[in-house]
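Now for the letters of each chain:
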Amino acid sequence: MKNVLRERKTLHLEKLDPIDRRELPEEAAAAVLCRAEEIAVTLAESPAAHRTLDHPELIRLVDTHAAALPGAVRTALRPPDTAAGATIIGRLPVDDGDLGPTPRDWRHAADPACPASFRLDIAMLLLARCAGEPFGWQGQQSGRLVNNILPTPGHEDEQSGASSTILLSPHTEDAFHPERAHLLLLGCLRNPDRVGTTVSSIRQAELDSDTRRRLAEPVLPILPDVSYGEDFSAHRPAPVPTVAPGAAGPTLRYDPAYTPLDDADPEYRCAYGHLGSELERTCHRAVLEPGELLLMDNDVVVHGRVPFTPRYDGTDRWLKRVNIRLARRRAPEEARESGYGQVTVRPFPAAGEEISNRPVNRGMQ
Ligand SMILES: [Fe+2]
């Protein structure tokens, strides 16, 4: 089955209550950057650590230094706890002059010749480690634990983080996979045109009981996005529920750009359309400033990005992204899904695990 890409209508962004904001105190932010610098200096002679960020020594250092960070960092990075399902955390003191030009491709941002980018990768890992277990995907950006999100020539109109000129449809990150992140952390390095990240929470959407009932049925699969490749015909698509009840409120698994909605009956399509309208109605637009972080609960919110015109002159929008696992269980049925052959990279011990008790890379559980 091929990926299903649809033209999306432009979102009409309505101003709602702002997303929760938290402060990362100046001293705590300085401690993150200081320890990131220390780790970067220790690993300066190890180019392999730069490329993948799952080098055992790097993991050990991040674990050690994250544990020694001020408690204020952990407080700021706790999971979002409002109905909005997301929080903006400010901020890391990012020096634009120190960054160098925005690369045109994630590979260049991951190059050892880009030391400022590497230091910020480490800072993102330290922050993510204070929230939970950072992880990556073998099939995405070569398994790197920190992804670079920047506009890339030739990818302007695809549904991925490398796009620019089209609306990036609201989606659950890696919705196709049972091991998708619980939390998603975005860090803004540069955003000169004030491009908005969109965030919509299922806990602010109003759905009647019939709509919830239909959307709780596993009717349609969600396919991997284009950043993982294009041919997943070897894997049987697994229908999944879109909305599910949860202990703290409903949860959401949603990626309309990669969902073959035409295969569903009219009633289901109507329910799915109503959900889309509600996510549009409740959409927040987060315009991140350099150094600001956006922490999202990936079971509660969908995120996207408004269209923008790429500059390709070294000053483009540049974000970093980290996937984070928590000790949170999802529906047991998800364990039977194939994940379309995509495998996680999990070098950090999960909560309660000793680092020496596990292999460096671990796939789906
Ligand atoms: Fe995304």
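In this text, all values refer to a predicted model and were calculated from it rather than measured experimentally.

**Some remarks on the nonpolar core**
Core analysis: the largest hydrophobic core is formed by 43 residues, its most contacted members being Leu58 and Leu77. Broken down by secondary-structure element, the contributors of at least two residues to this core are α1 (26–42), α3 (56–67), α4 (71–76), α7 (115–131), β6 (183–190), β11 (293–297) and β13 (318–325). For this core, the element with the highest residue contribution is α7, accounting for 10 residues. With residues up to four places along the chain from it excluded, the contact list for leucine 58 reads Leu43, Ala49, Leu53, Phe118, Ile122 and Leu125. Counting residues in hydrophobic clusters, the runner-up holds 31 residues, among them Ile19, Ala271, Leu275 and Leu288.

**Focus: the sheet that holds strand β7 (residues 196–201)**
Strands belonging to one sheet form pairs held by backbone hydrogen bonds; the direction of such a pair is parallel or antiparallel. Taken in spatial order, the 4 strands of this open sheet run β5-β12-β7-β10, and their pairing is antiparallel. Looking along the sheet, the strands with just one partner apiece sit at the ends: β5 (168–171) and β10 (284–287). Pairwise comparison of adjacent strand axes, ignoring direction, gives a mean angle of 20° for this sheet.

**Side note on the coordination of the iron ion**
Here the iron ion is held by His171 (NE2), Glu173 (OE) and His303 (NE2), and the distances to it run 2.1 to 2.2 Å. Mapped onto the polypeptide sequence, the residues donating to the iron ion form the spacing pattern H-x1-E-x129-H. Of the two residues, glutamate 173 is situated in the loop between β5 and β6 and histidine 303 in strand β12 (residues 301–305); the sequence distance between them amounts to 130 residues. Both residues of the pair, glutamate 173 and histidine 303, belong to the buried class.

**Re unusual backbone geometry**
Despite not being glycine, tyrosine 312 has its phi angle at roughly 55°, a positive value. Mapped onto the fold, tyrosine 312 is located in the loop between β12 and β13. Taking the relative accessible area as the measure of exposure, tyrosine 312 reaches 19% and is therefore buried. Although it is not a glycine, tyrosine 340 adopts a positive phi angle of roughly 55°. Note that tyrosine 340 resides in the loop between β13 and β14 (344–345).

**Quick look at the UniProt feature "binding site: Fe cation" (unreviewed entry) in the protein**
Residues annotated in UniProt with the feature "binding site: Fe cation" (unreviewed entry) correspond here to His171, Glu173 and His303. What stands out for the annotated residues spanning 133 residues is how close their C-alpha atoms remain, the widest pair being 7.9 Å apart. Here histidine 171 is to be found in strand β5. Setting aside chain neighbours within four positions, we find histidine 171 in contact with Tyr254, Asp255, Val302, His303 and Gly304. Of the polar contacts made by the side chain of histidine 171, one reaches the backbone oxygen of serine 169; its length is 2.7 Å. Leaving out residues up to four positions away in the same chain, glutamate 173 has contacts with Arg180, Leu184, Asn298, His303, Arg321 and Asn323.

Each value, and the rule that gives it
Residues numbered from 1 in each chain as written. Predicted model: local features only at pLDDT ≥ 70, side-chain atom pairs only at ≥ 80, totals over all residues. Heavy atoms only, no water. Core = buried A, V, L, I, M, F, W, Y, C linked by side-chain atoms within 4.5 Å. Buried < 20%, exposed > 50% of the residue type's maximum accessible area, 1.4 Å probe, protein only. Helix = DSSP H or I, 4+ residues; strand = E, 2+ residues; numbered from the N terminus. Contact = heavy atoms within 4.5 Å. Pairing = 2+ DSSP bridges. Axes fitted to C-alpha atoms, helices over the stretch in contact; angles between N-to-C directions. Donors = N, O, S within 2.8 Å, 3.2 Å for Na, K, Ca; no water. UniProt positions renumbered as here; feature names shortened; annotations may be inferred. Polar contact = N/O pair within 3.5 Å; in protein donor to acceptor, adjacent residues only side chain to side chain.

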